[in-house]
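Inside the fold
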Amino acid sequence: MKESAASVEKHYSERPGLEAVLENLKRKGIDLEKVRAQDLYPYDQSHAGGIAATALLAQQAGIQPHCSVVDVGCGTGGAARYLHAEFSCQVVGIDLTLARLRAGMEFNRLIGATNEIHLLAAQGDALPLPSHFADVVWTQHVTMNLPDHSSFVRECARVLKPSGRLACHEWFLSRPGSARSPLPFPLPWAPNPSLNHAVSSEEFLEILREQNFRPAAEDVTAAMLAALGKDVRTLSSRGAPAERVAAGENLVRAAERFLTKDLVR
């Protein structure tokens, strides 16, 4: 497990970070002393569908003002800042990647939210939080890197209040056991098959039921494909590394053939 976690951290540490975002803000003429959460949305939503997907998940999850949220796999904290800016949520973000957490802390400082958003380094199946802590546990593009989905869901259930909800926006295989090896690599979450732990939506929903969740799911793959294509074209036009462009192109092909993207709530 530790070896897998280290590989995941290394993979995500190679992503563009703080400096690139700050340079883009400057080019737009944004005063770095007056940055709003909304100014960061084009850069800090590191998942397919961007800010639109984040807003949709918040709607589907029934996010309420001032609720407490644990964002597992928070990256640089884009969703956490959205939930704070739009709903005044208190958010704890959890991620393995120290470089992304450091960038997220700086972004939080820029928007003046260091007291409302706390970012911690930890694994998704060992959350450093007390039981019955949160109203919502939130994930976007996390489960594909988790070897043990049952332990992860069990830990989410532990930190949730009895009335709490788990909101997930994830890539799943289109059917149980399908196409793990035929998936084209690299993918955005896995440069090779060793980091890919995607399961089918049916498998994940069953794990949720075993932990006494009552899940509902919506397949939004079709809606994501246009956004994915646009993302890939943008990466290419900006001269992104060839492997990152290839990962985006492979994800488009995989979404068309092997994958389904569900909003589970």
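The structure displayed is predicted, hence computed values, not measured ones.

Structural notes on the packing of aromatic side chains
By the definition in use, this model includes three aromatic pairs. In this structure an aromatic cluster arises from ring pairing among Tyr-41, Tyr-82 and Phe-87.

Concerning helix α8 (residues 201–210)
Listing the buried residues of α8 in full gives Ser-201, Phe-204, Leu-205, Ile-207 and Leu-208. Across the axial projection of α8, the buried residues extend over an arc of 155 degrees, all falling on one side. On its buried side, α8 packs onto α7 (149–159), β5 (160–173), β6 (217–219) and β7 (259–264). Immediately beyond the C-terminal end of α8, within one or two residues, lies Asn-212, with a positive phi of roughly 70 degrees.

Thoughts on the pattern of salt bridges
Inspection of the entire model under this criterion finds six salt bridges. Here Arg-36 and Asp-39 are joined by a salt bridge, their closest N and O atoms 2.9 Å apart. Two residues, Arg-109 and Glu-106, come together in a salt bridge whose shortest N-O distance is 2.6 Å. Of the two residues, Arg-109 and Glu-106 both sit in helix α6 (residues 98–111), three residues apart, roughly one turn of that helix. A residue is classified by how much of its surface remains accessible, and Arg-109, at 46% relative accessible area, is partly exposed.

Overview of helix α4 (residues 50–61)
For α4, with 12 residues, the first-to-last C-alpha span of 17 Å sits near the 16 Å given by 1.5 Å per residue. Looking at α4, one finds that the buried residues are Gly-50, Ala-53, Thr-54, Leu-57, Ala-58, Gln-60 and Ala-61. One side of α4 carries all its buried residues, which in axial view fall inside an arc of 165 degrees. Seen from the buried face of α4, the exposed residues on the opposite side, beyond 90 degrees, are Ala-52 and Gln-59. Where α4 is buried, its residues meet α5 (78–87), β4 (134–140), β5, β6, α9 (221–237) and β7. The positive-phi residue at the C-terminal boundary of α4 is Gly-62, with phi of around 65 degrees.

Digging into unusual backbone geometry
Omega for the bond connecting Phe-185 with Pro-186 falls within 30 degrees of zero, at 5 degrees, which places this linkage in the cis form. Topologically, Pro-186 is positioned in the loop between β5 and α8. One non-glycine residue with positive phi stands out, namely Ser-88, at about 55 degrees. Take Ser-88: it is sitting in the loop between α5 and β2 (90–95). With relative accessibility at 35%, the residue Ser-88 sits in the partly exposed group. Although it is not a glycine, His-132 adopts a positive phi angle of roughly 55 degrees. Along the chain, His-132 turns up in the loop between β3 (117–121) and β4.

Procedures and definitions
Throughout this document, residue positions are counted from 1 along each chain, in the order its sequence is written. Given that the model is predicted, a residue must reach a pLDDT of at least 70 before its local features are reported, and side-chain atom pairs must reach 80 or more before they are shown or counted; all residues, however, enter totals for whole chains, interfaces and linings. Excluded from the side-chain calculations are hydrogens and water; all other atoms, namely the structure's heavy atoms, are used. Stacked, tilted and edge-to-face pairs are distinguished by plane angle, under 30 degrees for stacked and over 60 for edge-to-face with tilted covering the rest, among Phe, Tyr and Trp rings (Trp via its six-membered ring) whose centres lie within 6.5 Å. Note on classification: 1.4 Å probe, protein chains only; a residue is buried when its accessible area is under 20% of the maximum for its type, exposed when over 50%, partly exposed between these limits. Helix and strand assignments follow DSSP, with helices taken as H or I runs no shorter than four residues and strands as E runs no shorter than two, numbered in order from the N terminus. Think of it as the arc spanned by the lines of direction from the helix axis to the C-beta atoms. Only heavy atoms matter for contacts: two residues are in contact if any of them lie within 4.5 Å across the pair. Should a side-chain nitrogen of Lys or Arg be within 4 Å of a carboxyl oxygen of Asp or Glu, the pair is scored as a salt bridge. Residue count minus one, scaled by 1.5 Å, sets the expected span of a helix.

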